[in-house]
Amino acid sequence: MKITILPVILFGFLFNQLNAQTYNPLWIPDTLSGSTINLSLEEGTKNWIGSFATTSAGVNPSSSTNAFWGPTLIFTKGDSIHLNVTNNLMDTTTVHWHGMHLPAIMDGGPHQPIAPGETWSPYWKVDNHAATYWYHPHLHMMSQEQLLLGLGGMIIVRDSAESTLALPRTYGVDDIPLALSDRAFIGNQISIEPYGDSMMVNGVLRAEWIAPSQLVRFRILNSATERSYNIGFSDTTTFYVIASDGGLLNAPVPLTRYLLSSGERIEILVDFTGRQGQSLFMKAYNSVLPQNIPGGDMFPNGPFANYLQRSDFNVMHISVGPQTTNPITTIPSNLVTVTPYDSLTSVLTRYLTITDTNIVGYNGVSFIINHHLYSESFIDYQVPLDNTEIWEIANSGNFSHPFHIHDVEFNILSRNGVFPTAAEQGWKDVVLVKAHETVRFITKFTDFADAAHPFMFHCHIALHEDEGMMGQFVVVNSSSEVKDIINNDGVRVYPNPAFDRIFLSTKGESTIRGIFIYNSLGELVLSEKDQVQENQIDVSSLRSGIYLINIQNGSGQFMKSSFIKN
């Protein structure tokens with residue numbers, strides 16, 4: 001997508017627009033459902049600043065002059081669905097079904113690119129709990145730009161347990177999708193930078209919604225590329241969190257603030273009963289956020305400086321109107337029974353690190369997972385099918401990162417050893433790992449063994465993800481499947497799994513000059529240099545686990561492989 005920046009910067013006009021005490025009606029996206037759904041990714045424009053056309057992109061836009069965001073997809077648990085996604089953009093893209101449990105080849109991560117003019121047709125059986133999910137681009141090094149231009153949409157999954165509860169669920173009336181984001185404009189064009197100066201809800205600046213005077217359900221998605229929103233209401237209204245990323249909670253949790261990081265979703269109930277004629281704001285109370293939380297960080301200048309930094313600002317104006325017929329007016333005392341995975345059933349703990357570092361050739365600080373930047377050819381973990389695992393993520397850096405894992409939902413076990421709050425005790429796929437914090441979660445990899453197609457885990461700040469703060473894993477159901485994927489660089493490692501010694505051969509050349517073995521944390525644990533005798537190395541000192549090997553052949557070239565140590 002090519003962006004043309006106008007030479008005239010419309011500061012005065014934009015300032016007046018941002019500060020005007022007028023509001024724009026909240027746009028509620030259309031819905032699509034059924035066994036077959038067709039999506040078209042289109043370029044176009046949208047008029048945010050007066051009559052000036054802004055280059056944008058959307059999914060199934062109503063016209064080329066209204067290209068932004070996309071329809072809400074409604075699935076029912078147990079249904080088999082087929083999607084046809086046609087890329088009518090000038091750039092390659094992907095569509096990732098964020099939070100959905102599905103085969104890796106259908107996931108829409110960086111490994112499933114859709115070239116311009118092509119149609120991608122994923123399909124799967126819906127096996128998620130009733131909750132709010134979303135879809136968005138996930139092309140490596142292009143996620144931030146394509147998200148900012150407007151690609152994405154929400155997903156609602158329904159199931160039998162949710163349908164029996166007395167909850168608001170009339171879409172667009174008392175069940176309202178809210179995609180929160182912000183944009184920076186240069187002239188009348190979107191600037192591709194992490195933070196914006198203008199708050200948007202469903203792509204609407206200064207959004208206003210007329211609420212019925214009854215119980216309302218807001219499905220809130222943080223679709224921003226970086227900023228977190230500390231959600232609350234201007235009159236300190238108590239709201240009730242009923243669902244996290246992947247499903248309903250045991251019971252509604254009363255709160256006046258909720259810190260929602262990029263990629264996260266919550267569902268809340270707000271009671272407007274008896275408040276007809278009143279008005280209030282949904283706000284982001286970000287003035288209390290510290291420097292190391294996205295949105296609390298302050299910069300005097302440069303690409304990260306923004307009008308909204310560490311401030312309280314309005315998200316949406318709400319005017320309360322009349323009740324609908326047959327309104328829901330009572331907050332239920334209980335919802336569903338959440339049965340988290342039992343930590344005693346975990347077969348292993350994986351230790352992941354988030355660190356700040358300086359990398360040669362990169363400007364400034366780089367954020368990395370497991371001590372390395374993302375490489376499409378490197379598989380961080382081979383996860384055995386049906387494994388229940390604890391993932392422990394230690395952030396030694398000075399900034400907080402929303403950690404997202406594909407394929408599975410998880411239960412948070414602890415933050416720095418402390419049990420999670422009630423609102424975080426449901427199903428999650430994104431967790432904000434704060435600076436100098438260690439988060440432990442438990443999950444189970446129950447389906448979709450496929451040694452050839454990886455799932456991703458990454459920071460959900462789009463810029464960090466684009467810059468390589470990302471890893472990948474495959475789910476495998478036998479050691480032979482592991483062998484198929486690990487010998488992907490012309491290297492044979494045997495026996496595999498290994499016990500006390502491994503032998504190696506390299507394609508087309510017999511001499512090996514060096515062997516360098518790294519553990520899952522990226523630490524060098526064993527090496528052999530200068531004419532390796534008989535192309536073998538003693539690994540009896542290594543603990544059980546999965547290891548990466550860097551092999552230097554006789555020509556000085558490096559090749560990668562890996563092996564399992566029993």
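Criteria and cut-off values
- Residues numbered from 1 in each chain as written.
- Predicted model: local features only at pLDDT ≥ 70, side-chain atom pairs only at ≥ 80, totals over all residues.
- Heavy atoms only, no water.
- Pairing = 2+ DSSP bridges.
- Helix = DSSP H or I, 4+ residues; strand = E, 2+ residues; numbered from the N terminus.
- Axes fitted to C-alpha atoms, helices over the stretch in contact; angles between N-to-C directions.
- Buried < 20%, exposed > 50% of the residue type's maximum accessible area, 1.4 Å probe, protein only.
- Contact = heavy atoms within 4.5 Å.
- Core = buried A, V, L, I, M, F, W, Y, C linked by side-chain atoms within 4.5 Å.
- Phe/Tyr/Trp six-rings, centres within 6.5 Å; stacked < 30°, edge-to-face > 60°.
- Lys NZ or Arg CZ within 6 Å of the ring centre and 35° of its normal.

1. Focus: the sheet that holds strand E40 (residues 545-553)
Sheet strands associate in pairs through backbone hydrogen bonding, adopting either a parallel or an antiparallel arrangement. Spatial ordering of the open sheet is given by E38-E37-E40-E41, a layout of 4 strands whose pairing is antiparallel. Looking at which strands have only one partner, the edges of the open sheet turn out to be strand E38 (524-529) and strand E41 (558-565). Each strand axis lies, on average, 20° off the axis of its neighbour in the sheet, ignoring direction. For strand E37 (residues 512-518) and E38, the ladder comprises 5 bridges, and the chain directions are antiparallel. Within E38, the residue paired with Ile-517 across the bridge is Leu-526.

2. What to know about the pairing of strand E32 (residues 438-444)
The pairing of strand E28 (residues 388-395) with E32 spans 7 bridges and is antiparallel. Within the sheet, the bridge partner assigned to Ala-394 lies in E32 and is Thr-438. Both strand E30 (residues 411-415) and E32 contribute to a ladder of 4 bridges, which runs antiparallel. The residue bridging Asn-411 from the neighbouring strand is Ile-442, located in E32.

3. A look at the environment of Asp-30
Counting through the fold element by element, Asp-30 comes out in the loop between strand E1 (24-25) and strand E2 (31-33). In this structure Asp-30 comes out as exposed when scored by relative accessible area, which is 61%. Residues Asp-30 and Tyr-171, 141 residues apart in the sequence, show an inter-C-alpha distance of 9.5 Å. Setting aside its immediate chain neighbours within four residues, Asp-30 contacts Pro-71, Thr-72 and Tyr-171.

4. Some thoughts on the environment of Val-95
Position of Val-95 among the secondary structure elements: in the loop between strand E6 (80-87) and strand E7 (96-98). Judged by relative accessible area, Val-95 falls into the buried class, the value being 5%. Not counting residues up to four positions away in its chain, the partners in contact with Val-95 are Leu-41, Val-85, Asp-107, Gly-108, Ile-114, Trp-120, Tyr-135 and His-136.

5. A closer look at the nonpolar core
Core analysis: the biggest nonpolar cluster contains 42 residues, and Phe-75, Trp-97, Met-100 and Trp-124 have the highest contact counts within it. Of all elements in the fold, only strand E3 (36-49), strand E4 (52-59), strand E5 (72-76), E6, strand E10 (131-136), helix H2 (143-148), strand E11 (153-158) and strand E12 (175-186) reach the threshold of two or more residues within this core. Considering each element in turn, this core owes the most residues, 5 residues, to E3. Once residues lying within four places of it in the same chain are set aside, the contact partners of Phe-75 are Ile-37, Ile-81, Met-100, Trp-124, Val-126, Ile-155, Ile-156, Val-157 and Arg-158. The next biggest cluster of nonpolar side chains, apart from the first, holds 37 residues, and it includes Leu-178, Val-204, Trp-209 and Met-316.

6. So, the packing of aromatic side chains
Scanning the model with the defined rule gives 25 aromatic pairs in all. Look at Tyr-341 and Trp-427: their rings are 5.5 Å apart centre to centre, the planes differ by 75°, and that puts the pair in the edge-to-face class. One end of the pair, Tyr-341, is in the loop between strand E24 (312-321) and strand E25 (348-357); the other, Trp-427, is in the loop between E30 and strand E31 (430-433), and 86 residues separate them in sequence. Residue placement shows Arg-257 over the ring face of Tyr-285; its charged tip is 3.6 Å from the ring centre. In this structure, Lys-283 is placed above the aromatic ring of Tyr-285, and the distance from its NZ or CZ to the ring centre is 6.0 Å.

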